[in-house]
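Coordinate inspection notes
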Amino acid sequence: MKNSAPIGIFDSGFGGLTVFKAIADKLPNYDYIYLGDNARSPYGDHSFETVYQYTRECVMWLFERGCELVILACNTASAKALRNIQQLDLPKNYPDRRVLGVIRPTAEVIGNYTSRHHIGIMGTRGTINSNSYPIEINHFFPNTKVHQQSCPIWVPLIENGEHLQPGADYFVAKYVHQLMEQSPEIDCILLACTHYPLLIPKLEKILPDTVKLLSQGEIVANSLADYLTRHPEMEHSLARNARREFYTSGDVTSFNQHATVFLGEDISAKPTYELGNSSR
């Protein structure tokens, strides 16, 4: 049926809500279903195979609820699972549906934000170890040098509500300094985890004014708007009732509390007992 499909947005936890917010602000009339796999979060330290299996389950869950277009608003899932889903699952079982990630749209434009051609990437271990960003960025901007830094403490700090406390200062500064020590020429840093925008107030105090700090929400939202313009067959399938539904495989009360921090508004999520361990 035409004009009946919501847009699915998936993340391993809460961080994708920053991408969801930017997309919904850019394209407010569409219907959205957000799914956070909080019962099995974080994904950052899991193997490629595990992340693929978890992500695939969640994408299929969104497909079952009518989504024809799913955005992986998760850097780890985009790095470790997107290619397999696009190449193995969709052609065989869902040839008319699409799954998009956050890495490629970011790589397509990030070179426009640096004048020195030195970019810093800050992300989870999984994202950094995948080398997805250097590969993708060098495809579009071959003369740009990419420096990477994993920040394993940042997500736990944010999810425990400690990210803006004085005690977080050491861990925020530690990873920034480790990245900047790789090259004094870095003039653009990408926050390659959707949790990290919540650290921007602290990061801006540490970084020199000459360094541009990028988060992905607006970039991904602009890329999605462009994608829908270029693919009218998909755009025509999407529902436009401005409905927003939120689901989590974890604890609903906790999800709602965290969502207020990430979205700046109250929500009422529903449980997904089919995924993770939320039925226990």
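Below or above, wherever it landed, is the structure these notes cover. Note that the structure is a prediction, hence the values are computed from the model and not measured.

What about the packing of aromatic side chains?
Each pair of aromatic rings is reported with the distance of its centres and the angle of its planes. Under the criterion given, the structure shown has 14 aromatic pairs. Relative to Phe262, the ring of Phe14 lies with its centre 6.0 Å away and its plane at 20°, an arrangement referred to as stacked. Highlighted residues: Phe14 in the loop between strand S1 (7–11) and helix H1 (16–26) and Phe262 in helix H13 (residues 252–263), separated in sequence by 248 residues. Of the two residues, Phe14 and Phe262, both sit in the buried class. Ring geometry for Phe20 versus Tyr34: centroids 6.2 Å apart, planes at 70°, classification edge-to-face. Placement of the pair is Phe20 in helix H1 and Tyr34 in strand S2 (residues 32–36), with a sequence separation of 14 residues. Of the residues examined, Phe20 reaches a relative accessible area of 2% and is grouped as buried.

What about the side chain of Asn38?
In this fold, Asn38 is placed in the loop between S2 and helix H2 (48–64). Beyond its immediate sequence surroundings of up to four residues, Asn38 is in contact with Ser12, Gly13, Phe14, Thr248, Ser249, Gly250 and Phe255.

Quick notes on the packing of H2 against helix H4 (residues 82–93)
The geometry of H2 relative to H4 is characterised by a closest axis approach of 11 Å and an angle of 40° between their N-to-C directions. Taken together, the axis directions place H2 and H4 in an arrangement best described as oblique. Crossing hand, H2 versus H4: right-handed. Along the contact surface, H2 presents Tyr52, Thr55, Arg56, Val59, Met60 and Phe63, while H4 presents Asn84, Ile85, Leu88, Asp89, Leu90 and Asn93. When the residues that make up the contact of H2 with H4 are grouped by side-chain class, the tally is 7 nonpolar, 3 polar and 2 charged.

Looking at the pattern of salt bridges
For the structure shown, the criterion picks out 12 salt bridges. Measuring nitrogen to oxygen at the nearest pair gives 3.5 Å for the salt bridge that ties Asp45 to Arg125. Of this pair, Asp45 sits in the loop between S2 and H2 while Arg125 sits in helix H6 (residues 125–130); the two residues are 80 residues apart in sequence, bridging distant segments of the chain. With relative accessibility at 38%, the residue Arg125 sits in the partly exposed group. The partner of Arg65 in a salt bridge is Glu64, and the shortest N-O contact between them spans 3.5 Å. Each of the salt bridges in this network shares a partner with another, and the network as a whole consists of Asp37, Arg40 and Glu57.

Let's talk about the pairing of S2
Counting buried residues in S2 gives 5 out of 5 residues, a clear majority hidden from the surface. A two-sided burial pattern is seen for S2, the buried positions comprising Tyr32, Tyr34 and Gly36 on one face and Ile33 and Leu35 on the other. In terms of strand pairing, S1 meets S2 through 5 bridges, oriented parallel. When the sheet's bridge partners are listed, Asp11 is paired in S2 with Gly36. Remark: the S1/H1/S2 crossover connection has right-handed handedness. Pairing of S2 with strand S9 (residues 244–248), which is carried by 5 bridges, proceeds in the parallel orientation. The residue bridging Ile33 from the neighbouring strand is Glu245, located in S9.

Overview of helix H11 (residues 217–230)
Given a rise of 1.5 Å per residue, 14 residues ought to cover 20 Å, and the 20 Å separating the end C-alpha atoms of H11 matches this to within 8%. Taken together, the buried residues of H11 touch H1, strand S3 (69–72), strand S4 (98–100), helix H5 (103–109) and helix H12 (232–235).

Focus on the sheet that holds strand S6 (residues 145–150)
Taken in spatial order, the 4 strands of this open sheet run S6-S5-S7-S8, and their pairing is parallel. At either margin of the open sheet sits one strand with a lone partner, and together these are S6 and strand S8 (212–214). For this sheet the average axis-to-axis angle between neighbouring strands, irrespective of direction, equals 20°. Inspection of the sheet shows strand S5 (residues 118–123) paired to S6 by 6 bridges, in the parallel sense.

A closer look at the sheet that holds S3
Note: strands within a sheet are paired through backbone hydrogen bonds, in either parallel or antiparallel orientation. Reading across the sheet, the 6 strands line up as S4-S3-S1-S2-S9-S10 and stay open at both edges, with parallel pairing between neighbours. Since the sheet does not close on itself, it has two edges, and those belong to S4 and strand S10 (270–271), each with one partner. The strands touched by H1 are S1, S2 and S9; relative to S2, the strand with the most contacts, the crossing angle is about 170°. The sheet contacts of H11 involve S3 and S4, and relative to S3 the element is tilted by about 155°.

Things to note about the nonpolar core
Counting residues in each nonpolar core, the largest one holds 67 residues, and the members touching the most others are Ile121 and Trp154. When neighbours within four sequence positions are excluded, Trp154 is seen to be in contact with Met122, Phe171, Val172, Tyr175, Val176, Tyr196, Leu199 and Leu203. Val51, Tyr54, Trp61 and Cys67 belong to the second largest nonpolar core, which has 25 residues in total.

The rules behind these values
Residues numbered from 1 in each chain as written. Predicted model: local features only at pLDDT ≥ 70, side-chain atom pairs only at ≥ 80, totals over all residues. Heavy atoms only, no water. Phe/Tyr/Trp six-rings, centres within 6.5 Å; stacked < 30°, edge-to-face > 60°. Helix = DSSP H or I, 4+ residues; strand = E, 2+ residues; numbered from the N terminus. Buried < 20%, exposed > 50% of the residue type's maximum accessible area, 1.4 Å probe, protein only. Contact = heavy atoms within 4.5 Å. Axes fitted to C-alpha atoms, helices over the stretch in contact; angles between N-to-C directions. Parallel < 35°, antiparallel > 145°, perpendicular 65-115°, else oblique. Left-handed = near helix turned anticlockwise from the far one by under 90°. Nonpolar A, V, L, I, M, F, W, Y, C, P; charged D, E, K, R; others polar. Salt bridge = Lys/Arg side-chain N within 4 Å of Asp/Glu carboxyl O. Pairing = 2+ DSSP bridges. Right-handed = clockwise from strand over helix to strand, strands pointing away. Expected span 1.5 Å × (residues − 1). Core = buried A, V, L, I, M, F, W, Y, C linked by side-chain atoms within 4.5 Å.

Note that all results are geometric; they support no functional claim without further evidence.
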